[in-house]
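The residues making up each chain are set out below.
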Amino acid sequence: NAGVTQTPKFRILKIGQSMTLQCAQDMNHNYMYWYRQDPGMGLKLIYYSVGAGITDKGEVPNGYNVSRSTTEDFPLRLELAAPSQTSVYFCASTPGDGYTFGSGTRLTVV
Amino acid sequence: AQSVAQPEDQVNVAEGNPLTVKCTYSVSGNPYLFWYVQYPNRGLQFLLKYITGDNLVKGSYGFEAEFNKSQTSFHLKKPSALVSDSALYFCAVRDGGNTPLVFGKGTRLSVIA
């Protein structure tokens with residue numbers, strides 16, 4: 001049972017480039033989330049989804065987009081990377097209670 | 001809106017001594033409270049939760065937490081700290097409507113041998 005899988009683990013982007021952070025879960029969880037973690041700031045919610053075809057903005061959605069075409073996958077898209085998006089990104093899922101987190105993607109924008 | 005405060009950025013404790021990591025929260029309605037632990041270069045791992053019932057909740061690795069409604073607190077405790085407990089600890093809260101978890105800023109626990 002893989003749980004929540006995030007790819008890639010590390011990435012360096014140049015300013016203005018775009019990329020997609022992948023997140024997949026094999027637990028048939030309806031709820032999925034994207035958080036970013038910055039030092040001393042805890043985790044901030046970017047986007048979340050309560051089921052396939054439904055997404056909603058979190059606290060810090062600017063500069064990001066998401067889609068949820070299947071229950072399993074919840075990719076996060078960065079269209080025009082900026083240095084302020086340098087962070088560690090975590091995907092999480094839940095059936096409705098405690099979260100299962102992926103191992104994270106460390107993104108650096110230079 | 002929900003919020004969580006972890007007033008200590010860092011907690012240092014000697015191995016074998018009891019430890020406490022503090023958390024206070026604000027939420028409309030009944031709180032759903034969680035503690036997670038993060039080891040270096042890893043994702044967050046679930047430790048324990050309070051939904052309802054006994055105010056003292058027991059979780060993984062010998063940790064427990066006490067829910068205090070009047071003080072709106074949910075402090076994490078362990079009777080005897082281990083060096084391997086050294087990590088970053090996050091408190092989180094949501095209301096009963098299944099809204100996303102709101103996390104505190106984290107407290108770094110350092111257990112010294």
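Up top is the structure.
Keep in mind that this is a model prediction, so the values were computed, not measured.

Visitor: Tell me about the pattern of salt bridges, and please be specific about residues and values.
Guide: This structure, assessed with the given rule, holds 6 salt bridges over all chains. Linking A:Arg77 and A:Glu79 is a salt bridge whose minimum nitrogen-to-oxygen distance equals 3.3 Å. Among the salt bridges present, the one from B:Lys58 reaches B:Glu64, with a minimum N-O distance of 2.9 Å. B:Lys58 gets classed as exposed once you look at its relative accessible area, which sits at 63%.

Visitor: I'd like a rundown of the interface of chain A and chain B, residues and numbers included.
Guide: Contacts between the two partners involve 19 residues from chain A, matched on the other side by 19 residues from chain B. Counting each side, the surface lost to burial between chain A and chain B is near 1500 Å², with a carbon and sulfur contribution of 53%. For chain A, the biggest contributors to the area lost against chain B are A:Asp97, A:Tyr99 and A:Phe101; these three give 33% of the whole. For the pair chain A and chain B, the interface holds 0 salt bridges. Our count for the chain A to chain B interface comes out at 5 residue pairs in polar contact (both at pLDDT 80 or more). For the side of chain A that touches chain B, the secondary structure elements donating two or more residues are strand S4 (31-38) and strand S5 (42-51) of chain A.

Visitor: Outline the layout of surface pockets, supporting the account with residue identities and numerical values.
Guide: Approximately 660 Å³ is the volume found for the largest pocket. Along the wall of the largest pocket there are 31 residues; nearest its centre are A:Gln37, A:Val88, A:Arg106, B:Gln38 and B:Leu88. Residue assignment for the lining of the largest pocket shows that the elements contributing at least two residues are S4, strand S9 (87-94) and strand S11 (105-109) of chain A together with strand S10 (87-94) of chain B. For the lining of the largest pocket, the element with the highest residue contribution is S11(A), accounting for 4 residues.

Visitor: Any chance you could break down the environment of B:Val93 for me, citing the residues and the numbers?
Guide: Residue and element names in this part refer to chain B. You can see Val-93 is positioned in strand S10. Classification of Val-93 by relative accessible area gives buried; the value is 0%. The spacing of Val-93 and Gln-2 is 91 residues in sequence and 7.0 Å in space, taken between C-alpha atoms. If we skip the residues at most four places from it in the chain, Val-93 touches Gln-2, Ser-3, Val-4, Tyr-25, Val-27, Pro-31, Tyr-32, Leu-33, Pro-100, Leu-101 and Val-102.

Visitor: Any chance you could break down the packing of aromatic side chains for me, citing the residues and the numbers?
Guide: Summed over the entire model, instances satisfying the criterion amount to 18 aromatic pairs over all chains. Each ring, one from A:Tyr35 and one from B:Phe103, has its centre 5.3 Å from the other, and the planes form 85 degrees; the classification is edge-to-face. Here A:Tyr35 is found in strand S4, whereas its partner B:Phe103 is found in strand S11 (residues 102-103) on a different chain. Take A:Tyr35 and B:Phe103: they sit in the same class, and that class is buried. An aromatic cluster is present here, built from A:Tyr33, A:Tyr35, A:Tyr48, A:Phe90, A:Tyr99, A:Phe101, B:Phe34, B:Tyr36, B:Phe46, B:Phe90 and B:Phe103 joined pairwise through their rings. Over the face of the ring belonging to A:Phe74 we find A:Arg68, whose NZ or CZ atom lies 5.9 Å from the ring centre.

Visitor: So what's going on with the state of the cysteines? Which residues, and what values?
Guide: Overall, the coordinates contain 2 disulfides over all chains when judged by the stated rule. Here A:Cys23 connects covalently by a disulfide to A:Cys91, the sulfurs 1.9 Å from one another. Disulfide A:Cys23 to A:Cys91: torsion about the S-S bond roughly -70 degrees, handedness left-handed. Taken together, the positions of A:Cys23 in strand S3 (residues 19-25) and A:Cys91 in strand S9 put the pair 68 residues apart, joining distant regions of the chain. A relative accessible area of 2% places A:Cys23 in the buried class. Covalent S-S linkage joins B:Cys23 and B:Cys91, the inter-sulfur distance amounting to 2.0 Å. Because the sign of the S-S torsion sets the handedness, a value of about -65 degrees for the bond joining B:Cys23 and B:Cys91 places this disulfide among the left-handed ones. Separated by 68 residues along the polypeptide, B:Cys23 in the loop between strand S3 (19-21) and strand S4 (24-26) and B:Cys91 in strand S10 bring together distant segments of the chain. Both residues of the pair, B:Cys23 and B:Cys91, belong to the buried class.

Cut-offs used in this document
- Residues numbered from 1 in each chain as written.
- Chains lettered and ligands numbered in written order.
- Predicted model: local features only at pLDDT ≥ 70, side-chain atom pairs only at ≥ 80, totals over all residues.
- Heavy atoms only, no water.
- Salt bridge = Lys/Arg side-chain N within 4 Å of Asp/Glu carboxyl O.
- Buried < 20%, exposed > 50% of the residue type's maximum accessible area, 1.4 Å probe, protein only.
- Contact = heavy atoms within 4.5 Å.
- Buried area = accessible area lost by both parts, 1.4 Å probe.
- Polar contact = N/O pair within 3.5 Å; in protein donor to acceptor, adjacent residues only side chain to side chain.
- Helix = DSSP H or I, 4+ residues; strand = E, 2+ residues; numbered from the N terminus.
- 1 Å grid on protein atoms, 1.4 Å probe; cavity = no way out; pocket = protein on both sides within 12 Å on 5 of 7 lines; lining within 4 Å.
- Points joined across faces, edges and corners; volume = space filled by probe spheres on them.
- Phe/Tyr/Trp six-rings, centres within 6.5 Å; stacked < 30°, edge-to-face > 60°.
- Lys NZ or Arg CZ within 6 Å of the ring centre and 35° of its normal.
- Disulfide = S-S within 2.5 Å.

Purely spatial values, then, with no claim about function.
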